[in-house]
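# Observations on the three-dimensional arrangement
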Amino acid sequence: MKHGKKYFNALKKAPKKAVSLEEAIKFVKENPGAKFDESVDVYFRLGKDLTKGDTAVRGFVKLPNGSGKTVKVCVFAGGDAAEAAKAAGADYVGMADLIEKITKEGWCDFDVAIATVEAMKEVRKCARILGPRGLMPNPKTGTVTDDTAAAVKEAKGGKVDFRMDKTGNVCVIAGKRSFEAGKLAENVKAIVSALNAAKPATVKGVFIKSMSISSTMGVGVPVVVTADAE
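Structural notes, computed from the coordinates. Computed from a predicted structure; not experimentally measured.

## Some remarks on the overall build of the chain
Tallying secondary structure elements over the chain gives eight helices and nine strands in all. Taking 17 Å as the expected radius of gyration for a compact globule of 230 residues, we find that the chain reaches 19 Å, a close match to that expectation. Taking the principal axes of its C-alpha atoms as reference, the chain extends roughly 55 × 45 × 30 Å. When the 230 residues of the chain are sorted by exposure, 46% land in the buried category.

## Regarding the state of the cysteines
A covalent bond between the sulfur atoms of two cysteines is referred to as a disulfide. Scanning the model with the defined rule gives zero disulfides in all. Between Cys-74, a cysteine without a disulfide, and Cys-126, which holds the nearest cysteine sulfur, the sulfur-to-sulfur distance is 8.7 Å. In this structure Cys-126 is a free cysteine whose sulfur lies 8.4 Å from that of Cys-108, the closest cysteine sulfur available.

## What to know about the packing of aromatic side chains
Across all of its chains, the model carries two aromatic pairs by this definition. Both rings, one in Tyr-92 and one in Trp-107, keep their centres 4.9 Å apart while their planes meet at 90 degrees; by these two values the pair is edge-to-face. Here Trp-107 lies in the loop between helix 4 (96–105) and strand 5 (112–115) and Tyr-92 lies in strand 4 (residues 92–94), a separation of 15 residues in the sequence. Tyr-92 gets classed as partly exposed once you look at its relative accessible area, which sits at 24%. Through successive ring pairs, a cluster of aromatic residues spans Tyr-92, Trp-107 and Phe-110. The ring centre of Trp-107 lies 4.7 Å from the NZ or CZ of Lys-101, which sits over that ring. Sitting over the face of the ring of Phe-60, Lys-159 holds its NZ or CZ atom 4.6 Å from the ring centroid.

## A closer look at the sheet that holds strand 5
One open sheet accounts for three strands, arranged 4-3-5; its pairing is parallel. At either end of the open sheet lies a strand with only one pairing partner, and these are strand 4 and strand 5. Averaged over all pairs of adjacent strands, the angle between their axes in this sheet comes to 15 degrees, without regard to strand direction. Bridge count between strand 3 (residues 73–76) and strand 5: four bridges; the pairing is parallel. Looking across to strand 5, one finds that Cys-74 is bridged to Ala-113. Here helix 4 sits on the sheet and contacts strand 3 and strand 4; the angle it forms with strand 3, its principal contact strand, is near 120 degrees.

## Examining the nonpolar core
Counting residues in each nonpolar core, the largest one holds 41 residues, and the members touching the most others are Phe-44, Leu-46 and Leu-195. Contact partners of Leu-46, with chain neighbours within four places excluded, come to Val-57, Met-164, Gly-168, Val-170, Leu-195, Phe-207, Ile-208 and Lys-209. Residues Cys-74, Trp-107, Met-120 and Cys-126 belong to the second largest nonpolar core, which totals 19 residues.

About the thresholds
- Residues numbered from 1 in each chain as written.
- Predicted model: local features only at pLDDT ≥ 70, side-chain atom pairs only at ≥ 80, totals over all residues.
- Heavy atoms only, no water.
- Helix = DSSP H or I, 4+ residues; strand = E, 2+ residues; numbered from the N terminus.
- Rg over C-alpha atoms; globule rule 2.2 N^0.38 Å.
- Buried < 20%, exposed > 50% of the residue type's maximum accessible area, 1.4 Å probe, protein only.
- Disulfide = S-S within 2.5 Å.
- Phe/Tyr/Trp six-rings, centres within 6.5 Å; stacked < 30°, edge-to-face > 60°.
- Lys NZ or Arg CZ within 6 Å of the ring centre and 35° of its normal.
- Pairing = 2+ DSSP bridges.
- Axes fitted to C-alpha atoms, helices over the stretch in contact; angles between N-to-C directions.
- Contact = heavy atoms within 4.5 Å.
- Core = buried A, V, L, I, M, F, W, Y, C linked by side-chain atoms within 4.5 Å.

Keep in mind that these numbers describe shape and distance, not what the molecule does.
This is the structure we're talking about:
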């Protein structure tokens, strides 16, 4: 990514050492990286043993102030569950038609995929395409459920999934730069709490090694990881 003048000007002023969450949010809000209303993301470096297969970190968080993002939801279901999903505001609802579109065309024009328990037997055919994009429904994130209406409402209302990548990093959206500082802080604290709750029982020692926040096109600001951030 090529950075512009705004980015480099902000980089000169950015804290070089970790600061409090409130200071970091203040900097991000006062130093936009673009003219549009950027998303604000929180980045974590986990200090866990990545060699153990049973220590995958993933979960979800209900942001108290929403994400500020318009979320497209795709639901794999039939019968009453499909009708409930439509009534709840799902953008796409279906089964064989959606699965065929994904497997044959690579279609993934949605942000969240939800499936009933029964539907997962067929949705697994899409794993090769949905998996790498983080879109595969999973019980751990509440996206495999027969209560499709509740799942759709949660996804639309600020529920955000997260998962660790293969290098031990986690990135989670915390809202928009236009959010009030206090609301962004509340969202970030909810994210930290959810991430700590997802800590595998087998992992000992420091779990969140480092943390930083930035806007979409802005400079990353390191944040002190303390009990206050939780």
